[in-house]
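Each chain is listed here by its residues.
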Amino acid sequence: MDILTMKSKVSLGCNRCDKCCVYRGDIKLTGVNIYQISKHLNMTPKEFIEKYTERLEDSFPEIVFKTKGEKRECILYDDDFKGCSINSIKPLQCIMFPLVPENLKRNYFTSNNQCPYVPPKKITVKKWLDGNNRLYSKNKKNYLKWISYMEWISYREEKLTKEEKEKIYFYLFENYDISKRNLNKQFDSNLKEVEKIINQKED
Ligand code: SF4
Ligand code: SF4
């Protein structure tokens with residue numbers, strides 16, 4: 001399979017066929033996603049988490065969007081508008097589809113060829129990922145940090161009590177003040193709190 005870089009030209013575009021948002025696998029969420037989406041929907045992170053997400057029980061501590069009906073349509077798919085209701089702040093898996101990360105750090109991707117739309121002109125991978133508001137480039141540093149933390153935490157699951165796991169969920173996803181604009185600071189501080197919980201166990 002061809003490896004794509006940010007400069008590779010790809011036949012990608014969107015005619016809102018909805019394939020991105022139905023029969024999809026789990027769409028994993030980061031703390032940054034929770035902050036941005038709850039703010040967009042004018043809800044607290046706690047309210048958002050309860051209404052729109054669920055825990056992946058066999059993959060601690062991931063949380064994913066709930067789905068609707070037999071087609072497992074994403075709960076944030078707007079049936080009237082026929083499109084994503086949070087398009088400008090959608091999660092990484094949605095930004096990338098149908099590209100698949102091979103090495104996110106180095107921006108290497110492949111394509112799963114699942115997008116049926118073939119636009120008349122090719123565009124660069126960078127243009128596809130960033131869209132109009134640099135969604136990928138702006139958030140990439142936090143994505144990479146998040147992925148390495150999630151891996152580190154999941155390997156330590158067996159050592160954690162139920163209470164410690166609940167605290168970890170709280171710091172990873174809920175402990176955001178959306179009235180403040182310092183998202184990166186809150187993100188880093190929450191990850192540090194999780195680190196403290198785990199390091200105390202390992203001392
Ligand atoms: S599968 Fe392709 S055409 Fe369909 S909604 Fe997703 S990006 Fe758009
Ligand atoms: S967040 Fe948006 S793009 Fe992603 S699966 Fe849900 S409706 Fe589709």
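As the structure is a prediction and not an experimental result, all values here were calculated from the model.

Draft legend 1. Highlighting the site of ligand 2. Around ligand 2 sit Cys-21, Phe-65, Cys-74, Leu-76, Tyr-77, Cys-84, Ile-86, Pro-91 and Cys-94, and that is every residue in its neighbourhood. Judged by the proximity of its atoms to the pocket grid, ligand 2 belongs to the largest pocket. Split into classes, the residues belonging to the shell around ligand 2 amount to nine nonpolar, no polar and no charged.

Draft legend 2. Representation of the packing of aromatic side chains within the structure. Inspection of every chain in the model, using the stated rule, returns nine aromatic pairs. When the ring of Tyr-35 is compared with that of Tyr-176, the centres are 6.1 Å apart and the planes differ by 70°; the resulting orientation is edge-to-face. Of this pair, Tyr-35 sits in helix H1 (residues 31–41) while Tyr-176 sits in the loop between helix H6 (162–174) and helix H7 (183–202), and the two are 141 residues apart along the sequence. Grouping residues by exposure puts Tyr-35 and Tyr-176 together as buried. Geometrically, the ring pair formed by Trp-146 and Phe-173 is edge-to-face, given 5.5 Å between the ring centres and 65° between the ring planes. Highlighted residues: Trp-146 in helix H5 (residues 135–154) and Phe-173 in helix H6, separated in sequence by 27 residues. Comparing Trp-146 with Phe-173, the two get one shared label, buried. Through successive ring pairs, a cluster of aromatic residues spans Phe-60, Trp-146, Tyr-169, Phe-173 and Phe-187. A cation over an aromatic ring shows up here: Arg-55 above the ring of Tyr-169, its NZ or CZ 3.6 Å from the ring centre. The ring of Phe-60 has Lys-165 sitting right over it, with the charged end atom 5.2 Å from the ring centre.

Draft legend 3. Inspection of the site of ligand 1 at higher detail. For ligand 1, the full set of nearby residues is Cys-14, Asn-15, Arg-16, Cys-17, Asp-18, Lys-19, Cys-20, Phe-97, Cys-115, Pro-116 and Tyr-117. Here ligand 1 occupies the largest pocket. When its residues are assigned to classes, the shell around ligand 1 shows seven nonpolar, one polar and three charged.

Draft legend 4. Representation of unusual backbone geometry within the structure. Here the bond from Phe-60 into Pro-61 is cis, since omega is -5°, no more than 30 degrees from zero. Position of Pro-61 among the secondary structure elements: in the loop between strand E2 (53–55) and strand E3 (63–65). Put simply, Phe-97 and Pro-98 share a cis peptide bond, and its omega is 10°. Mapped onto the elements of the fold, Pro-98 is located in the loop between helix H3 (92–96) and strand E8 (99–103). Even without being glycine, Arg-16 reaches a positive phi, approximately 55°. Counting through the fold element by element, Arg-16 comes out in the loop between strand E1 (9–10) and H1. Its identity is not glycine, yet Asn-42 carries a phi of approximately 60°, on the positive side. Relative to the helices and strands, Asn-42 resides in the loop between H1 and helix H2 (45–52).

Draft legend 5. Spotlight on the side chain of Ser-111. Among the structural elements, Ser-111 can be located in strand E9 (residues 108–111). In this structure the side chain of Ser-111 is engaged in a polar contact, spanning 3.0 Å, whose partner is the backbone nitrogen of Asn-113.

Draft legend 6. Region of the structure containing H1. Of all 11 residues in H1, eight are buried, a share of seventy percent or more. On its buried face, H1 sits against H2, E3, H5, H6 and H7. Sitting at the head of H1, Thr-30 places a side-chain oxygen 3.2 Å from the backbone nitrogen of Val-32. At the C-terminal side of H1, Asn-42 shows a positive phi close to 60°.

Conventions and cut-offs
Residues numbered from 1 in each chain as written. Chains lettered and ligands numbered in written order. Predicted model: local features only at pLDDT ≥ 70, side-chain atom pairs only at ≥ 80, totals over all residues. Heavy atoms only, no water. Near = heavy atom within 4 Å. 1 Å grid on protein atoms, 1.4 Å probe; cavity = no way out; pocket = protein on both sides within 12 Å on 5 of 7 lines; lining within 4 Å. Sits in = over half its atoms within 2 Å of the grid points. Nonpolar A, V, L, I, M, F, W, Y, C, P; charged D, E, K, R; others polar. Phe/Tyr/Trp six-rings, centres within 6.5 Å; stacked < 30°, edge-to-face > 60°. Helix = DSSP H or I, 4+ residues; strand = E, 2+ residues; numbered from the N terminus. Buried < 20%, exposed > 50% of the residue type's maximum accessible area, 1.4 Å probe, protein only. Lys NZ or Arg CZ within 6 Å of the ring centre and 35° of its normal. Polar contact = N/O pair within 3.5 Å; in protein donor to acceptor, adjacent residues only side chain to side chain. Contact = heavy atoms within 4.5 Å.

Distances and angles like these do not, on their own, reveal function.
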